[in-house]
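# An overview of the molecular structure
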Amino acid sequence: MPNSGSESVDDYLKAILELSGPTGGPATSNRIAQRLGVSAPSVTGMLRKLSTGNRPCVTYQKHHGARLTNEGRRRALRIVRRHRLVELFLCEVLGYSWDEVHEEAERLEHFISGKLEERIARKLGNPEFDPHGDRIPSKHGTLPKRKTVRLSEAPAGQTAVVSSVSDRDPEMLRYLQRIGLVPNRRLTVLEHAPFEGPTMVRLHGERQSRGISPKLARAVLLQEI
Ligand SMILES: [Zn+2]
């Protein structure tokens, strides 16, 4: 689907926000290209454009990648807020399941007015979390940090609660739902089998332990309790 100018800018800012992670480190052109499925030269061109003008959204240095300016971060968080509110709205009000909402939100996030955003937030009781457990940025553009660790990196023996799961793969979401590996579920990490083997966990409330593949374990974030 061809992107109009501002949709495409929004997607870049969102990608840089996600790739920068909690530390706010630079996002390299290659990773942005991978994330958005576009060529490296078009990324370079766009980053140049975003780093100029009156209120630049990124700082960009060749070979060093891009970082969001305050303006860029504010704009990225506004899109993320709309995305997550739409996801929750679709689940809670329209009865969508959690594996159906990401794709719809990817499209709708670009077309929501400030007014509609506020009405949705109010209808939902100014929620803090989306259906996948991700925190919804505030309307003032802040996003409190949560200390989380990937299931794949959590130390054996740790008991934790699932804080969020990646929302990008519907099939993965259906599987996680089926096995009950969903936000707020408690579990204990038993061991990480070597050589790309599974992470063994015990979900609280279940007798048997369960093996989680490395790919899945990287998609699940835990919060210590
Ligand atoms: Zn989503």
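The structure contained in this document is the topic of the report that follows. (Residues numbered from 1 in each chain as written. Predicted model: local features only at pLDDT ≥ 70, side-chain atom pairs only at ≥ 80, totals over all residues. Heavy atoms only, no water.)

## Quick notes on the environment of Thr69
- Relative to the helices and strands, Thr69 resides in the loop between strand 2 (65–68) and helix 4 (70–92).
- Residues Thr69 and Arg31, 38 residues apart in the sequence, show an inter-C-alpha distance of 19 Å.
- Beyond its immediate chain neighbours, meaning those up to four positions away, Thr69 contacts Pro56, Cys57, Val58 and Thr59. (Helix = DSSP H or I, 4+ residues; strand = E, 2+ residues; numbered from the N terminus. Contact = heavy atoms within 4.5 Å.)

## Details of unusual backbone geometry
- The phi dihedral of His63 is positive, around 70°, even though this residue is not glycine.
- Along the chain, His63 turns up in the loop between strand 1 (58–61) and strand 2.
- At Asn184, a residue that is not glycine, the phi angle is positive and equals roughly 80°.
- By the secondary structure assignment, Asn184 is in the loop between helix 7 (170–179) and strand 5 (186–192).

## As for the pairing of strand 8 (residues 220–224)
- Sheet topology places strand 3 (residues 149–150) next to strand 8; 2 bridges connect them, and they run antiparallel. Counterpart to Arg150 in the pairing with strand 8 is Leu221.
- With 5 bridges connecting them, strand 4 (residues 159–165) and strand 8 associate as antiparallel partners. The partner of Val162 across the bridge, within strand 8, is Leu222. (Pairing = 2+ DSSP bridges.)

## Overview of a positive patch on the surface
- On the surface, Lys115, Arg119, Arg122 and Lys139 cluster together into a positively charged patch.
- Following the sequence through the fold, Lys115 ends up in helix 6 (residues 114–123).
- A residue is classified by how much of its surface remains accessible, and Lys115, at 61% relative accessible area, is exposed. (Patch = residues over 30% accessible without salt bridge, like charges linked within 9 Å, V, L, I, M, F, W, Y side chains within 5 Å. Areas by Shrake-Rupley, 256 points an atom, 1.4 Å probe, with all protein chains shown as cover. Salt bridge = Lys/Arg side-chain N within 4 Å of Asp/Glu carboxyl O. Lys, Arg positive; Asp, Glu negative; His and termini not counted. Charge placed at Lys NZ, Arg CZ, Asp CG, Glu CD. Buried < 20%, exposed > 50% of the residue type's maximum accessible area, 1.4 Å probe, protein only.)

## Quick look at the nonpolar core
- Counting residues in hydrophobic clusters, the biggest one holds 33 residues, and the most contacted among them are Leu151, Leu176, Leu181, Ile212, Val220 and Leu222.
- Broken down by element, this core gets its largest block of residues, 5 residues, from helix 4.
- Formed by 20 residues, the second largest nonpolar core is a distinct cluster that contains Ala27, Met46, Val58 and Val80. (Core = buried A, V, L, I, M, F, W, Y, C linked by side-chain atoms within 4.5 Å.)

## Describing the coordination of the zinc ion
- Taken together, His83 (NE2), Glu87 (OE), His102 (ND1) and Asp167 (OD) make up the protein donors of the zinc ion, found 1.9 to 2.2 Å from the metal.
- Geometry at the zinc ion is irregular, judged from its 4 donor atoms and the angles of 93 to 143° they form at the metal.
- All donor residues of the zinc ion come from one chain, and their arrangement in sequence is H-x3-E-x14-H-x64-D. In this pair, Glu87 sits in helix 4 while Asp167 sits in the loop between strand 4 and helix 7, placing the two residues 80 residues apart along the sequence. (Donors = N, O, S within 2.8 Å, 3.2 Å for Na, K, Ca; no water. Tetrahedral: all angles 85-135°; square planar, octahedral: opposite > 155°, others 65-115°.)

## Considering the packing of helix 4 against helix 6
- Running from N to C, helix 4 and helix 6 cross one another at 45°; their axes reach a closest spacing of 10 Å. Put simply, helix 4 runs oblique to helix 6. When you trace helix 4 past helix 6, the crossing you get is left-handed. Where helix 4 abuts helix 6, its residues Arg78, Arg81, Arg82, Leu85 and Phe89 lie against Gly114, Glu117, Glu118, Ile120 and Ala121.
- Across the contact of helix 4 with helix 6, the residue classes tally to 4 nonpolar, 1 polar and 5 charged. (Axes fitted to C-alpha atoms, helices over the stretch in contact; angles between N-to-C directions. Parallel < 35°, antiparallel > 145°, perpendicular 65-115°, else oblique. Left-handed = near helix turned anticlockwise from the far one by under 90°. Nonpolar A, V, L, I, M, F, W, Y, C, P; charged D, E, K, R; others polar.)

## Remarks on the sheet that holds strand 3
- Overall, antiparallel pairing links the 6 strands, which are arranged 3-8-4-5-6-7 in an open sheet. Single-partner strands in this sheet number two, and they are strand 3 and strand 7 (210–212).
- Alignment of strand 5 against strand 6 (residues 199–203), held across 5 bridges, turns out to be antiparallel. Bridging across to strand 6, His192 finds its partner in Thr199.
- Here helix 7 sits on the sheet and contacts strand 4, strand 6, strand 7 and strand 8; the angle it forms with strand 7, its principal contact strand, is near 160°.

## Focus on helix 5 (residues 101–108)
- Buried residues of helix 5: Val101, His102 and Ala105, and no others. The buried residues of helix 5 occupy one face: seen down the axis, they fall within an arc of 95°.
- Contact partners of the buried residues in helix 5: helix 4. (Arc of directions from axis to C-beta.)

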